[in-house]
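# Structure at a glance
Residue-level listing of the chains:
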Amino acid sequence: MSSSSLSKRPLRVVPHAALAEIIRIFCISGAGRFSFSRACCNNEQQATQTRYRRSSRMKHERQQKIIRLLWAHEALTTQALASRLAVSHETIRRDLSELQRAGKILRSHGRARVLRRDVQSHDDPFQARLKSHHAHKLDIARNALNWLDAGMVVALDASTTCWYLARQLPDVPLTIFTNSVRVGQEVARREQITLISTGGILHRQAACYENPSLPALLKHIDIDLFLFSCQGIDEAGGIWDARSWNAEYKTLLLRRAAQSLLLIDRSKRNRTGEVQIGTLEQVTEVITQEENGGQKAGALLVG
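Values in this document were obtained by computation on a predicted structure and should not be read as measured data. (Residues numbered from 1 in each chain as written. Predicted model: local features only at pLDDT ≥ 70, side-chain atom pairs only at ≥ 80, totals over all residues. Heavy atoms only, no water.)

## Things to note about the overall build of the protein chain
Stated formally: The way it works is that DSSP assigns letters per residue, a run of H or I at least four long becomes a helix, a run of E at least two long becomes a strand, and they are numbered from the N terminus. For every residue, the accessible area (1.4 Å probe, protein chains only) is compared with the maximum for its type, and the residue is labelled buried under 20%, exposed over 50%, or partly exposed between those bounds. Throughout, a residue-residue contact means that at least one pair of heavy atoms, one from each residue, lies within 4.5 Å. To measure how exposed things are, a 1.4 Å probe is used in the Shrake-Rupley method; for residues, cover is taken only from the protein chains shown.
Across its full length, the protein chain carries 12 helices and 15 strands. Counting the 303 residues in the protein chain, one finds 40% classified as buried. Relative to all contacts within the protein chain whose residues are 6 or more apart in sequence, the contacts with residues 24 or more apart total 60%. Per element, the accessible surface of the protein chain, about 17400 Å² overall, is 51% carbon and sulfur.

Below you can see the structure in the form of structure tokens.
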């Protein structure tokens, strides 16, 4: 048979019903007839589940990064977190809301900070802070003693570094002004030192007083030297603290004192807190630790 005769033969058309039957028979499995619509639905469900798992994994990783950042910086704004993680503000706000509901962070005035359960669950938070960088704090406090002369009026805050300093104070004529219960207890052991406490509302966990009448009280006291620590120092030289009522004491003394010493270990660098106390420009001297573990007095390099 020639090729020309084959080309002239009419094409055989398979009826729709027959074609459907062929497809049905071809797609039959042991479980029954194959369903194209069911296959499409299953594929869509699998794709949705894959996207959900990927999104959940990304959210979990992002929230873990948020926790690590807050541990490193104590507190950060929503804007700072969004910038560091390269996501939108709305995404960060949703993450922070979930973390807060889970009891992992606290949010206040546009800032978030991590809940330190190891400190909060401790019977005495002051004792827990004493154990943190205690060797460096002890050396920094010892170095700060060189600034004290007999007859001075010296203000101390409620930091553990100032407590270490109070323990090393010589029994010489001094006037110590403080809002700290623990510092006051140490100073009271020295007969030649005059102790002035701010008094006021006692915050037991912080072991210090909050006195709304502090500005009026300070009108009658001339402070020669103010020694204090802080929660952290940010990249711009801002000095931060963890509690507003404690920050108010430091802010006021920083303005009133003739000179001021900031006593910090290097863990406070590039960190923030709830409330800003002031700036490094207001501080006479910073006493901190060197990279090699020694002590340094002078301007603190941040950033």
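## A short note on the pairing of strand β5 (residues 174-178)
Short version of the rule: In this analysis, strands are considered paired if DSSP registers two or more bridges between them. Every crossover in which the path from the first strand over the helix to the second runs clockwise, viewed with the strands pointing away from the viewer, is termed right-handed.
For β5, a buried count of 5 out of 5 residues is recorded, marking the element as mostly surrounded by other parts of the structure. On β5, burial covers both faces: Leu174, Ile176 and Thr178 on one face and Thr175 and Phe177 on the other are all buried. Summarising the sheet, strand β4 (residues 153-156) and β5 pair through 4 bridges and their orientation is parallel. Its bridge partner lying in β5, Val153 is registered against Thr175. Note that the unit made of β4, helix α9 (residues 160-167) and β5 has a crossover that is right-handed. In this sheet, strand β6 (residues 193-197) lies alongside β5 in parallel orientation, the contact comprising 5 bridges. Residue pairing across strands places Leu174 opposite Ile193, the latter belonging to β6. Each parallel crossover has a hand, and for β5 linked through helix α10 (residues 181-187) to β6 it is right-handed.

## Focus: the packing of helix α4 (residues 78-85) against helix α5 (residues 89-101)
Just so we agree on the cut-off: Axes, fitted as lines to C-alpha atoms, cover a helix only where it is in contact. Angles between the N-to-C directions of the axes lie from 0 to 180 degrees. An angle counts as roughly parallel when it lies under 35 degrees, as roughly antiparallel when it exceeds 145, as roughly perpendicular when it falls between 65 and 115, and as oblique in every other case. The handedness criterion is simple: a crossing whose near helix is rotated anticlockwise from the far helix by less than a right angle is left-handed, and one whose near helix is rotated clockwise is right-handed. By the convention adopted, Pro, Cys, Tyr, Trp, Phe, Met, Ile, Leu, Val and Ala count as nonpolar, Lys, Arg, Asp and Glu as charged, and the other residues, Gly among them, as polar.
Where α4 meets α5, the closest approach of the two axes is 9 Å, and the angle between their N-to-C directions is 110°. Taken together, the axes of α4 and α5 are roughly perpendicular relative to one another. Pair α4 / α5 crosses with right-handed handedness. Between α4, through Thr78, Gln79, Leu81, Ala82 and Leu85, and α5, the contact on the second element is made entirely by His89, Ile92, Arg93 and Leu96. Considering only residue class, the contact of α4 with α5 consists of 5 nonpolar, 3 polar and 1 charged.

## Digging into unusual backbone geometry
Even without being glycine, Ala86 reaches a positive phi, approximately 60°. Along the chain, the position of Ala86 falls in the loop between α4 and α5. Given the relative accessible area of 69%, Ala86 is considered exposed.

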